[in-house]
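Descriptive structure summary
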Amino acid sequence: MLAFFLSLKWFANMFRHSSAKKKPSQQGFTLIEIMLVLVLIGVMVSLVQFTFQGNKLEQDLKKVSKQFIGSFTIAAEYALLNNLELGVLVEEDHYQFLGFDGENWQAISDSDYLKDYRLPEHLKMAVNLEGLEVDEQALFDIETFVKDDEGLFNNGESFKDSDEEKKLIPQIYILSGGEITPFELNFMPADELDDDSDIMYQVIGQYSLPLQLLGPES
């Protein structure tokens, strides 16, 4: 960026010297000189705009990542204080905190902090549960939360029963004793063709709080 300002200054000096050699009736910039200055200014503006957009994207990713950590922390405290089993259902454009009523997972309606949260349109997220180190003894048995006769599997999607009603099955679990199941949650740009598509923030949970945040400026 400094190089462009120096170039602009050089052109201005050159124009000043060239105009000084002209007769009084011919002083001033020529059309070509003005066009060169306009081209330089246009290039500088485009670069500044590109840098600003990239910084804004990174700031938005960092913001939604920290917001998830804050909501998740509140959910863990909520589960502990109310002796409840909670879960987090993650989809590409939103996540939702659920409570287990003994038979099914239900949305939590009595807390404004634990409701469905939708990401901005230019962002997306993906949860990763594979390849994570797991203790020999599981924190819980999945059959406690999913009935065999419902034919459900915990693969991170919404499910339907025989009546075509959606079944909510979370991928991440928050237990009443304070434990959490290991997970990695990646926040990234929604547009795969974006020049900044390699920018990503990652939230990592390992059995207990606090969650860890990884990213370019974490």
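Bear in mind the structure is a predicted one, so any value in this text is a computation, not a measurement. (Residues numbered from 1 in each chain as written. Predicted model: local features only at pLDDT ≥ 70, side-chain atom pairs only at ≥ 80, totals over all residues. Heavy atoms only, no water.)

1. Regarding the side chain of His-94
In plain terms, the rule: Numbering of helices and strands starts at the N terminus; helices are DSSP runs of H or I of at least 4 residues and strands are runs of E of at least 2. Relative accessibility decides the category of a residue: with a 1.4 Å probe and only protein chains considered, values under 20% of the type maximum give buried, values over 50% give exposed, and everything between is partly exposed. Distance and chemistry together define a polar contact, namely a pair of N or O atoms within 3.5 Å, with one atom able to donate a hydrogen and the other to accept it when in protein, and with adjacent residues in sequence counting only for side-chain atoms on both sides. Any two residues whose heavy atoms approach within 4.5 Å at even a single point are treated as in contact.
When you line up the elements, His-94 lands in strand β2 (residues 94-100). The buried category is assigned to His-94, whose relative accessible area is 8%. Within polar-contact distance, the side chain of His-94 engages the side chain of Asp-93 at 3.0 Å. Look past the residues within four positions of His-94 in its chain and what remains in contact with it is Leu-89, Asp-116, Tyr-117, Arg-118, Leu-119 and Met-125.

2. Regarding the sheet that holds strand β5 (residues 123-128)
Put simply, the test is: We treat two strands as partners when DSSP finds at least two bridges between them. As a rule, the C-alpha atoms of each element are fitted with a line to give its axis, helices using only the stretch in contact, and angles between N-to-C directions run from 0 to 180 degrees.
Judged by pairing direction, the sheet is antiparallel, and its 4 strands sit side by side in the order β5-β9-β10-β11 without closing on themselves. With partners counted over all chains shown, the strands left at the sheet margins are β5 and β11 (208-214), one partner each. In this sheet, adjacent strand axes meet at a mean angle of 20° when their direction is disregarded. One ladder, built from 6 bridges, connects β5 with strand β9 (residues 183-189); its direction is antiparallel.

3. Side note on the nonpolar core
To keep it simple, the criterion reads: As used here, the term nonpolar core means buried Ala, Val, Leu, Ile, Met, Phe, Trp, Tyr and Cys residues forming a set that is joined through side-chain atoms within 4.5 Å.
Phe-68, Phe-72 and Ile-174 are the most contacted members of the largest nonpolar core, which has 31 residues in total. Put simply, the parts of the chain that give this core at least two residues each are α2 (31-82), β1 (86-90), β2, β5, β8 (172-174), β9, β10 (201-206) and β11. When residues of this core are assigned to their parent elements, the largest contribution, 10 residues, is made by α2. When neighbours within four sequence positions are excluded, Phe-68 is seen to be in contact with Val-88, Tyr-95, Phe-183, Leu-185, Phe-187, Val-203 and Leu-211. Counting 7 residues, the second-largest nonpolar core is a separate cluster that includes Leu-89, Leu-98, Ile-169 and Leu-175.

4. Notes on unusual backbone geometry
Residue Pro-210 follows Leu-209 across a cis peptide bond; omega there is 5°. Non-glycine residue Tyr-207 carries a positive phi angle of around 75°. In this structure, Tyr-207 sits in the loop between β10 and β11. Residue Tyr-207 is classed as buried on the basis of its relative accessible area, which comes to 18%.

5. A look at the environment of Gln-96
For Gln-96, the position within the fold is in strand β2. On the basis of relative accessibility, which here comes to 14%, the residue Gln-96 falls in the buried class. Spatially, the C-alpha atom of Gln-96 lies 9.7 Å from that of Leu-168, the residues being 72 residues apart in sequence. The residues contacting Gln-96, other than those within four sequence positions of it, are Gly-87, Val-88, Leu-89, Ala-107 and Asp-116.

6. Quick look at the confidence of the model for the chain
For any part of a model where pLDDT is low, the fine detail of the predicted coordinates should not be relied upon. Convention followed: Per residue, pLDDT measures the predictor's confidence, with a range of 0 to 100.
When pLDDT is averaged across the chain, the result is 76; 58% of the residues are at 70 or more. Predicted confidence is poor over residues 47-52, with pLDDT under 50, and the contacts of this stretch with residues over four places away or in other chains come to 4 contacts. Low pLDDT (under 50) marks residues 148-164, which in the prediction has 27 contacts with non-local residues, meaning those over four places away or in another chain.

7. Comments concerning the pattern of salt bridges
Definition in use: Basic side-chain nitrogens of Lys or Arg form a salt bridge, by our definition, when they fall within 4 Å of a carboxyl oxygen of Asp or Glu.
As enumerated under the stated definition, the model contains 3 salt bridges in all. A salt bridge links Asp-60 to Lys-56, with the shortest nitrogen-to-oxygen separation between them at 3.0 Å. One end of the pair, Asp-60, and the other, Lys-56, are both in helix α2, 4 residues apart, so they sit about a helical turn from each other. Ionic pairing is found between Asp-112 and Lys-115, a salt bridge with its closest N-O pair at 3.4 Å. The exposure class of Asp-112 is exposed, given its relative accessible area of 66%.

8. Examining the environment of Leu-84
When you line up the elements, Leu-84 lands in the loop between α2 and β1. Judged by its relative accessible area of 31%, Leu-84 is partly exposed. Between the C-alpha atoms of Leu-84 and Asp-101, which are 17 residues apart in sequence, the distance is 8.5 Å. Setting aside residues no more than four positions away along its own chain, Leu-84 makes contact with Tyr-78, Ala-79, Ile-174, Leu-175 and Ser-176.

9. Overview of the side chain of Asn-186
Among the secondary structure elements, Asn-186 is positioned in strand β9. A distance of 2.9 Å separates a polar atom in the side chain of Asn-186 from a polar atom in the side chain of Gln-202. In this structure, Asn-186 is in contact with Lys-124, Met-125, Ala-126, Met-200, Tyr-201 and Gln-202, ignoring residues within four places of it in sequence.

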